[in-house]
Amino acid sequence: AQTVTQSQPEMSVQEAETVTLSCTYDTSESDYYLFWYKQPPSRQMILVIRQEAYKQQNATENRFSVNFQKAAKSFSLKISDSQLGDAAMYFCAYRRQGGKLIFGQGTELSVKP
Amino acid sequence: EPEVTQTPSHQVTQMGQEVILRCVPISNHLYFYWYRQILGQKVEFLVSFYNNEISEKSEIFDDQFSVERPDGSNFTLKIRSTKLEDSAMYFCASSTDRDQPQHFGDGTRLSIL
């Protein structure tokens, strides 16, 4: 069975600094998708970024980028120039082709002014 | 930007009662999902729905639960004989096809008393 592990329950970053959130996963599939979702205190689930496993190039979305290491089954999220509005719970998620989302336990990110 | 809409935002129900959670997926989306998040825990998959039938369900989704698309716009989750442990945030999500990102609604907070 596929699993997703986020080993950092909490992280903290100074405003304008860079922070990296870690995620590892386990799967025997070769084609799959990886996602980072943000959940602010309002409890919405907001898609931040996604990566297709067949793509070697790391995905980027403005200040958000990933470091996808397929062989190591690692998928970290880097947030550059952190802003107060980035404070939230961040969930890493895996999905095989056509399948359900499997979430990690989440990392609570706080941003200090 | 089109959104997934969930109603109500908060539902309080007596244990043993039936509850229906409602979702309006994005209009051109064909795949629908329910997830739940017990307070302080990770998001868990419940069920996926396509072409008017369940395509996948988790072990959580037992006979107590059912889903329906009663018309062209709504997608509902019914929970019969609610239990205290059903208290959670329930998220609806939809996607255009099974390999596209799932877009989440804001969730319904279900409180069972």
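Everything numeric in this text was worked out from a predicted model, so none of it was measured. (Residues numbered from 1 in each chain as written. Chains lettered and ligands numbered in written order. Predicted model: local features only at pLDDT ≥ 70, side-chain atom pairs only at ≥ 80, totals over all residues. Heavy atoms only, no water.)

For the structure on display, the rule yields seven salt bridges over all chains. As a salt-bridge pair, Glu-56 of chain B and Lys-100 of chain A come within 3.8 Å of each other at their nearest N and O atoms. Of this pair, Glu-56 of chain B sits in strand β6 (residues 53-57) while Lys-100 of chain A sits in the loop between β10 (88-96) and β11 (102-103), each in a different chain. Residue classification places Lys-100 of chain A among the partly exposed residues on the basis of a relative accessible area of 27%. Residue Glu-44 of chain B pairs with Arg-36 of chain B through a salt bridge whose shortest N-O separation is 3.3 Å. (Salt bridge = Lys/Arg side-chain N within 4 Å of Asp/Glu carboxyl O. Helix = DSSP H or I, 4+ residues; strand = E, 2+ residues; numbered from the N terminus. Buried < 20%, exposed > 50% of the residue type's maximum accessible area, 1.4 Å probe, protein only.)

The interface of chain B with chain A comprises 18 residues on the first partner and 20 residues on the second. Of the roughly 1,800 Å² buried between chain B and chain A on both sides combined, carbon and sulfur atoms contribute 50%. Contact with chain A buries area across many residues of chain B, yet Lys-42, Asp-99 and Phe-104 of chain B alone supply 27% of it, more than any other trio. Counting every contact that joins chain B to chain A gives nine residue pairs in polar contact (both at pLDDT 80 or more). Of all the elements in the fold, those that place two or more residues in the side of chain B that touches chain A are β4 (31-37) and β9 (88-95) of chain B. Residue composition of the side of chain B that touches chain A, by class: eight nonpolar, four polar and six charged. (Contact = heavy atoms within 4.5 Å. Buried area = accessible area lost by both parts, 1.4 Å probe. Polar contact = N/O pair within 3.5 Å; in protein donor to acceptor, adjacent residues only side chain to side chain. Nonpolar A, V, L, I, M, F, W, Y, C, P; charged D, E, K, R; others polar.)

This brings us to the sheet that holds strand β1 (residues 5-7) of chain B. All names here are of chain B. Spatial ordering of the open sheet is given by β1-β3-β8-β7, a layout of four strands whose pairing is antiparallel. Edge positions in the sheet fall to β1 and β7 (65-68), since each of these pairs with one other strand and no more. Looking at each pair of strands side by side, their axes are set apart by 20° on average, direction ignored. (Pairing = 2+ DSSP bridges. Axes fitted to C-alpha atoms, helices over the stretch in contact; angles between N-to-C directions.)

Our focus in this paragraph is the pairing of β9 of chain B. All names here are of chain B. For β9, the tally of buried residues reaches eight of eight residues, placing the bulk of the element in the interior. Because side chains alternate across β9, one face comprises the buried residues Ala-88, Tyr-90, Cys-92 and Ser-94, and the other comprises Met-89, Phe-91, Ala-93 and Ser-95, equally buried. Across three bridges, β9 lies against strand β11 (residues 108-112) in antiparallel orientation. Opposite Ala-88, over in β11, you have Leu-110 as the bridge partner. The pairing of β9 with strand β10 (residues 103-104) spans two bridges and is antiparallel. Bridge pairing in β10 places Ala-93 opposite Phe-104.

All names here are of chain A. Checked against the element boundaries, Tyr-32 lands in strand β5 (residues 32-39). For the pair Tyr-32 and Pro-9, spaced 23 residues apart in sequence, the C-alpha separation works out to 25 Å. Once residues lying within four places of it in the same chain are set aside, the contact partners of Tyr-32 are Tyr-25, Thr-27, Gln-51, Glu-52, Ala-53, Phe-68, Lys-70, Tyr-94, Arg-95, Arg-96 and Gln-97.

On to the state of the cysteines. Residue and element names in this part refer to chain A. By the definition in use, this model includes two disulfides over all chains. Cys-23 shares a disulfide with Cys-92; S-S distance 2.0 Å. Disulfide Cys-23-Cys-92: torsion about the S-S bond near -70°, hence left-handed. With Cys-23 in the loop between β3 (19-21) and β4 (24-26) and Cys-92 in strand β10, this residue pair connects regions lying 69 residues apart in the sequence. As far as the burial class goes, Cys-23 and Cys-92 line up, both buried. (Disulfide = S-S within 2.5 Å.)

A word on the nonpolar core. One finds Tyr-25, Trp-36, Phe-75, Leu-77 and Tyr-90 of chain A to be the most contacted residues of the largest nonpolar core, which totals 26 residues. The set of elements that each furnish at least two residues to this core consists of β3, β5, β6 (46-52), β8 (64-69), β9 (74-79), β10 and β12 (107-112) of chain A. By residue number, the principal contributor to this core is β10 of chain A, which donates four residues. Ignoring sequence-local partners within four residues, the contact set of Tyr-25 of chain A consists of Thr-3, Val-4, Tyr-32, Leu-34, Phe-68, Gln-69, Lys-70, Lys-73, Ser-74, Phe-75 and Tyr-94 of chain A. Formed by 22 residues, the second largest nonpolar core is a distinct cluster that contains Val-4, Leu-21, Cys-23 and Val-47 of chain B. (Core = buried A, V, L, I, M, F, W, Y, C linked by side-chain atoms within 4.5 Å.)

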